[in-house]
Amino acid sequence: MTVDLFAGIPVRDYAAAAAWYERLLGAPPSFLPNDSEAVWELAEHRYVFIEVRPDHAGHAMHTVFVSDFDASIAQIAERGLEPAGRETYDNGVRKATFRDPDGNEIGFGGGPV
């Protein structure tokens, strides 16, 4: 069975959010289903999308686990974004949390060093 994942992120300002997510993800949207949504394919069958839903903006919390944590965080920094916080858990797993203009949390996690 194939499973597709679409993780939604409610935003207030489409243009500001789309520009921020392009910087975070390092690419323009993979497709635009309509005037109030933008979709990025992170990996096959795995998508993140923004949608203008002002009443819900700022409440999303997603974490993307990446194989090369240090390189991913460095690439995001090269595009001008710094994490709002960093954590290392007792088992060595690391996480960097970014906050979009609405306060939605997008974390990047990686295995122990």
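Refer to the structure presented above.
Predicted model, so just to flag it, every value in this text is computed and none were measured.

Caption draft 1: Representation of the overall build of the chain within the structure. A count of helical and extended segments in the chain gives two helices and eight strands. Ordered by position in the sequence, the α and β elements of the chain form the string β-α-β-β-β-β-α-β-β-β. Since a compact globule built from 113 residues should have a radius of gyration of about 13 Å, the 14 Å found for the chain is in line with a globular shape. Summarising its shape, the C-alpha atoms of the chain cover approximately 40 × 35 × 25 Å along the three principal directions. Expressed as a percentage of the 113 residues in the chain, the buried residues total 36%. In the chain, once contacts between residues fewer than 6 apart in sequence are set aside, the share between residues at least 24 apart is 54%. Working note: accessible area of the chain is about 6600 Å², and carbon and sulfur atoms make up 50% of it. Put simply, the chain has 9 plus and 18 minus side-chain charges, and the middle of one group is 5 Å from the middle of the other.

Caption draft 2: Spatial organisation of the sheet that holds strand 3 (residues 37-43). With respect to topology, four strands assemble into an open sheet ordered 1-4-3-2, the strand pairing being mixed. Only two strands of the sheet have a single partner each, and these edge strands are strand 1 (5-11) and strand 2 (31-34). Averaged over all pairs of adjacent strands, the angle between their axes in this sheet comes to 25 degrees, without regard to strand direction. Pairing analysis gives two bridges linking strand 2 to strand 3, with the strands arranged antiparallel. Opposite Phe31, over in strand 3, you have Val39 as the bridge partner.

Caption draft 3: Here's a closer look at the sheet that holds strand 8 (residues 105-110). Strand order across the open sheet formed by four strands is 5-8-7-6, with mixed pairing between neighbours. With partners counted over all chains shown, the strands left at the sheet margins are strand 5 (61-65) and strand 6 (85-88), one partner each. Direction aside, neighbouring strands of the sheet carry axes that sit 20 degrees apart on average. In this sheet, strand 7 (residues 94-99) lies alongside strand 6 in antiparallel orientation, the contact comprising four bridges. Across the sheet, residue Glu87 finds its bridge partner in strand 7, namely Lys95.

Caption draft 4: Region of interest: the side chain of Asp102. Take Asp102: it is sitting in the loop between strand 7 and strand 8. Look at Asp102 and you get buried, because its relative accessible area is 17%. Among the polar contacts listed, one links the side chain of Asp102 to the side chain of Arg12, at a separation of 3.0 Å. Excluding its chain neighbours within four sequence positions, the residues that come into contact with Asp102 are Pro10, Val11, Arg12, Asp13, Ala57 and Gly58.

Caption draft 5: Molecular detail of the pattern of salt bridges. This model, assessed by the stated rule, comprises three salt bridges. Two residues, Arg12 and Asp102, come together in a salt bridge whose shortest N-O distance is 3.0 Å. Placement of Arg12 in the loop between strand 1 and helix 1 (14-25) and of Asp102 in the loop between strand 7 and strand 8 is noted, with a sequence separation of 90 residues between them. Residue Arg12 is classed as partly exposed on the basis of its relative accessible area, which comes to 47%. Between Asp70 and Arg94 there is a salt bridge, with the nearest N and O atoms lying 2.9 Å from each other. Of the two residues, Asp70 is situated in helix 2 (residues 69-78) and Arg94 in strand 7; the sequence distance between them amounts to 24 residues.

Parameters and conventions
Residues numbered from 1 in each chain as written. Predicted model: local features only at pLDDT ≥ 70, side-chain atom pairs only at ≥ 80, totals over all residues. Heavy atoms only, no water. Helix = DSSP H or I, 4+ residues; strand = E, 2+ residues; numbered from the N terminus. Rg over C-alpha atoms; globule rule 2.2 N^0.38 Å. Buried < 20%, exposed > 50% of the residue type's maximum accessible area, 1.4 Å probe, protein only. Contact = heavy atoms within 4.5 Å. Areas by Shrake-Rupley, 256 points an atom, 1.4 Å probe, with all protein chains shown as cover. Lys, Arg positive; Asp, Glu negative; His and termini not counted. Charge placed at Lys NZ, Arg CZ, Asp CG, Glu CD. Pairing = 2+ DSSP bridges. Axes fitted to C-alpha atoms, helices over the stretch in contact; angles between N-to-C directions. Polar contact = N/O pair within 3.5 Å; in protein donor to acceptor, adjacent residues only side chain to side chain. Salt bridge = Lys/Arg side-chain N within 4 Å of Asp/Glu carboxyl O.

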